[in-house]
Structure formats: structure tokens, C-alpha cells
Amino acid sequence: MNENSAFTDPYDSLAALFRALSHPARLAILEVLREGEACVCHIETLLGLRQAYVSQQLMLLRQSRLVSMRRQGWNVFYYISDPRVFEVLDQARAMLPAPLPPLPRTPASQCTCPKCRIAPQMQ
Ligand SMILES: [Zn+2]
């Protein structure tokens, strides 16, 4: 028996949760989803990331049960499974020595995803 197992096992699922969070792109995706469900192309547009890359990170976030998805016709929308994740992130952010600047983003008015097309920006 592994000498470390008694120590690590009780913390494995917690460590897996933090591993899922410990990636800049995944944190940025979670911040986009904080504002509501979104399709891959919406996240891709706002963050200026490639679709394949966003999809890969969303898959990891889904495997970690941080994010869920639903289909609506041809479209797939991703949403936060448990909003308590933002309590964790906000507390972590508060522990940083300096406040984080706002996330750099492309304005949603430039997005052509299904949701932004159906409900064009009112501004
Ligand atoms: Zn959009």
C-alpha cells in the first residue's frame, strides 16, 4: 500500500476541483459564464480564443462538473453547474496582493452567435 494514500485520498476530489480551476483560460471562460449561459462561439468571440481550444477547455470543465450543457435545436449552450464556484473564485481573488484588472474582452455587440443574433444588443 502506498504510504501516501491515507494522506492523499481524502483530498483527491478537492485537489481535482482545484486542478480544474487552475488554468487561465478556464477561469476566463467561467467569468463569461458568470453572466449567463453561452455557446462556444460567444466565448470564442469575447475572449479571442480559437473554437477548438474553447471546446477543449469546456470539455474539461464539464468533466469536472463545473459546467453543464444543454441543446436547443442546432445550438449547444454551456452554463455554470453550481454558482458556488464564484464564491471560491471571489475569495481567491480577494487573497491576491493587488486587485485584478477587468478581463480584456471583445464587446458582445460584435458577436454573431445565435443568442446575440436573436437578442441584439440594446445599447
Ligand atoms: Zn454571442
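Keep in mind it's a predicted model, so treat the numbers as computed, not measured.

Conventions used here
- Residues numbered from 1 in each chain as written.
- Predicted model: local features only at pLDDT ≥ 70, side-chain atom pairs only at ≥ 80, totals over all residues.
- Heavy atoms only, no water.
- Core = buried A, V, L, I, M, F, W, Y, C linked by side-chain atoms within 4.5 Å.
- Buried < 20%, exposed > 50% of the residue type's maximum accessible area, 1.4 Å probe, protein only.
- Helix = DSSP H or I, 4+ residues; strand = E, 2+ residues; numbered from the N terminus.
- Contact = heavy atoms within 4.5 Å.
- Donors = N, O, S within 2.8 Å, 3.2 Å for Na, K, Ca; no water.
- Tetrahedral: all angles 85-135°; square planar, octahedral: opposite > 155°, others 65-115°.

**Focus on the nonpolar core**
- Ile29, Leu30, Leu33, Ile43, Leu58 and Val67 are the most contacted members of the largest nonpolar core, which has 23 residues in total.
- Mapped by element, the contributors of at least two residues to this core are α2 (12-21), α3 (24-34), α4 (40-47), α5 (51-63), β2 (75-80) and α6 (85-95).
- It is α3 that contributes the most residues to this core, 5 residues altogether.
- If sequence neighbours within four positions are ignored, Leu30 has contacts with Leu21, Leu61, Val67, Ile80, Phe86 and Leu89.
- If you look at the next biggest cluster of nonpolar residues, it comprises 5 residues, including Cys39, Cys111, Cys113 and Cys116.

**Quick look at the coordination of the zinc ion**
- Coordination of the zinc ion by the protein involves His42 (ND1), Cys111 (SG), Cys113 (SG) and Cys116 (SG), with metal-donor separations of 2.0 to 2.3 Å.
- Because the angles between the 4 donor atoms bound to the zinc ion fall within 103 to 115°, the donor set is best described as tetrahedral.
- Mapped onto the sequence, the residues coordinating the zinc ion show the spacing H-x68-C-x1-C-x2-C.

Interpretation in functional terms is not warranted from these geometric data alone.
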